[in-house]
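A structural walkthrough
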Amino acid sequence: MTVLTQHDGLLLDLDGTVWEGGTPIPHAVDVINSCGLPTIYVTNNASRAPESVLGMLEGIGIEVGKSKVLTSAQAAITLAKQEVKEGSKVLVVGSDSFRDLARNAGFELVESAEEKPTAVLQGMSKDIGWKQLSEAAYAINNGARYFASNLDASLPTERGFAVGNGSLVAAVVNATGVQPTSAGKPEPDMFTQAAGLLNAEKPLAVGDRLDTDIAGGNAAAMDTFHVLTGVSGELELIEAPKEYRPDFIGSGLHELALPVSQAKPGAQGGFTARFDGYDILLEGGDPGATSVQALRTVLEVAWALPKTPRYIQPRTELAEKVLSTWR
């Protein structure tokens, strides 16, 4: 049984999992088009409208068909509607699509804290600057409720990691002392809502960030699959607390086709790992064995320890070679 055949729906992250800055990650398009499972794209990026996301996916060759999109902006609007009366004034610090969602939800949009908004909704936009953040701070200091689409500190792009919404939110928090209510990952509601849209009883949450994609899927009691194509690398996996640990690890989406037993942490590829005082010793390795096979071998030992090992020590030439690629 493969990872794919064990599940009835895919909850896919986008940035760092399917693409980087809109450029498809190797193997992603082929895997998504051929997997045969209903798919929903669950993204903390609140800067794009759902329709725009589907258009971008189609633009890189993905057959969107009946695919769905759930953005953290949509989740934030749903959360705000539960706590703020329809027709209330809200200040949206974010993209035009986020503003449209708020307007369509029945809120009255305002541009300034002087208009006394009941709530501030903040989401990712590359156009946000001092003026917008300051208006948010003025409104919150005057008593407005504070909602954030997500708290990702960084955003993967084709050039590396850029400033994410969480970093912009931090500026407002520092100015007000008020923590926002966050709607996006890792909150479990976003995952359960996504699974409901697919009518999936055994969904698989897939992503590249341990503190959002994996933590959120785990919190929603779903199986989780971590790909090493984005933010969280091998060393972060080794140090991950229990709530951040995925069920499966792959070098990319193509490894969703692996047998369940191989995608889980465990000795493989001819590697062996053992704890020796403070360190884990990585030994062996068959010709052609991969870095991710070495990682799964180490993780089985590291996650059984009461605390994080000091170092991972290679004891063979191949072990040394794969460890040199870990980040």
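In this text the structure is predicted, and so the values were computed from the model without any measurement. (Residues numbered from 1 in each chain as written. Predicted model: local features only at pLDDT ≥ 70, side-chain atom pairs only at ≥ 80, totals over all residues. Heavy atoms only, no water.)

**Observations concerning helix 11 (residues 291-302)**
Formally: Secondary structure elements are defined from DSSP: runs of H or I of at least 4 residues count as helices, runs of E of at least 2 residues count as strands, and each element is numbered from the N terminus. Helix span, expected: 1.5 Å multiplied by one less than the number of residues in the helix. To sort residues, take the accessible area from a 1.4 Å probe on protein chains only and compare it with the maximum for the residue type: under 20% means buried, over 50% means exposed, and anything in between is partly exposed.
The first and last C-alpha atoms of helix 11 sit 16 Å apart over 12 residues, in line with the 16 Å expected at 1.5 Å per residue. Where burial is concerned, most of helix 11 is hidden: 11 out of the 12 residues are buried. What helix 11 keeps buried is the set S291, V292, Q293, A294, L295, R296, T297, V298, L299, V301 and A302.

**Here's the deal with the pairing of strand 6 (residues 89-93)**
What counts here: If you view a crossover with the strands going away from you and the path from the first strand over the helix to the second runs clockwise, you call it right-handed. At least two DSSP bridges between two strands are required for those strands to pair.
Of all five residues in strand 6, four are buried; the element is thus mostly enclosed. In this fold, strand 6 hands off to helix 4 (residues 96-104), which returns the chain to strand 7 (residues 108-110); that crossover is right-handed. Pairing geometry for strand 6 and strand 8 (residues 119-122), over four bridges, is parallel. Its bridge partner being in strand 8, L91 is matched across the sheet by V120.

**A closer look at the nonpolar core**
Across soluble globular proteins, nonpolar side chains have a tendency to be buried as a group. In plain terms, the rule: Take the buried Ala, Val, Leu, Ile, Met, Phe, Trp, Tyr and Cys residues and link them wherever side-chain atoms come within 4.5 Å; each set so joined is a nonpolar core. Where each domain begins and ends follows an automated or database-derived domain assignment. The contact definition used throughout considers only heavy atoms, calling two residues in contact when any of these lie within 4.5 Å.
Judged by nonpolar contacts, the single largest core of 32 residues is most densely connected at L11 and L121. Those elements that provide at least two residues to this core are strand 4 (39-43), helix 3 (72-83), strand 6, helix 4, strand 8 and helix 7 (188-198). Per-element tally for this core: the top contributor is helix 3, with six residues. Each of domain 1 (3-44 + 186-261) and domain 2 (80-182) gives at least three residues to this core. Beyond its immediate stretch of four places on either side in the chain, L121 contacts I77, A80, V90, L91, V92, V93, F98 and F147.

**What about the sheet that holds strand 9 (residues 145-148)?**
Strands sit in the order 7-6-8-9-12 across an open sheet of five strands; the sheet is parallel. With partners counted over all chains shown, the strands left at the sheet margins are strand 7 and strand 12 (181-182), one partner each. One ladder, built from four bridges, connects strand 8 with strand 9; its direction is parallel. Note that in strand 9 the partner of A119 across the bridge is R145.

**Concerning the environment of A220**
One can find A220 in the loop between helix 8 (210-219) and strand 14 (223-227). The spacing of A220 and A195 is 25 residues in sequence and 10.0 Å in space, taken between C-alpha atoms. Not counting residues up to four positions away in its chain, the partners in contact with A220 are P188, F191 and T192.

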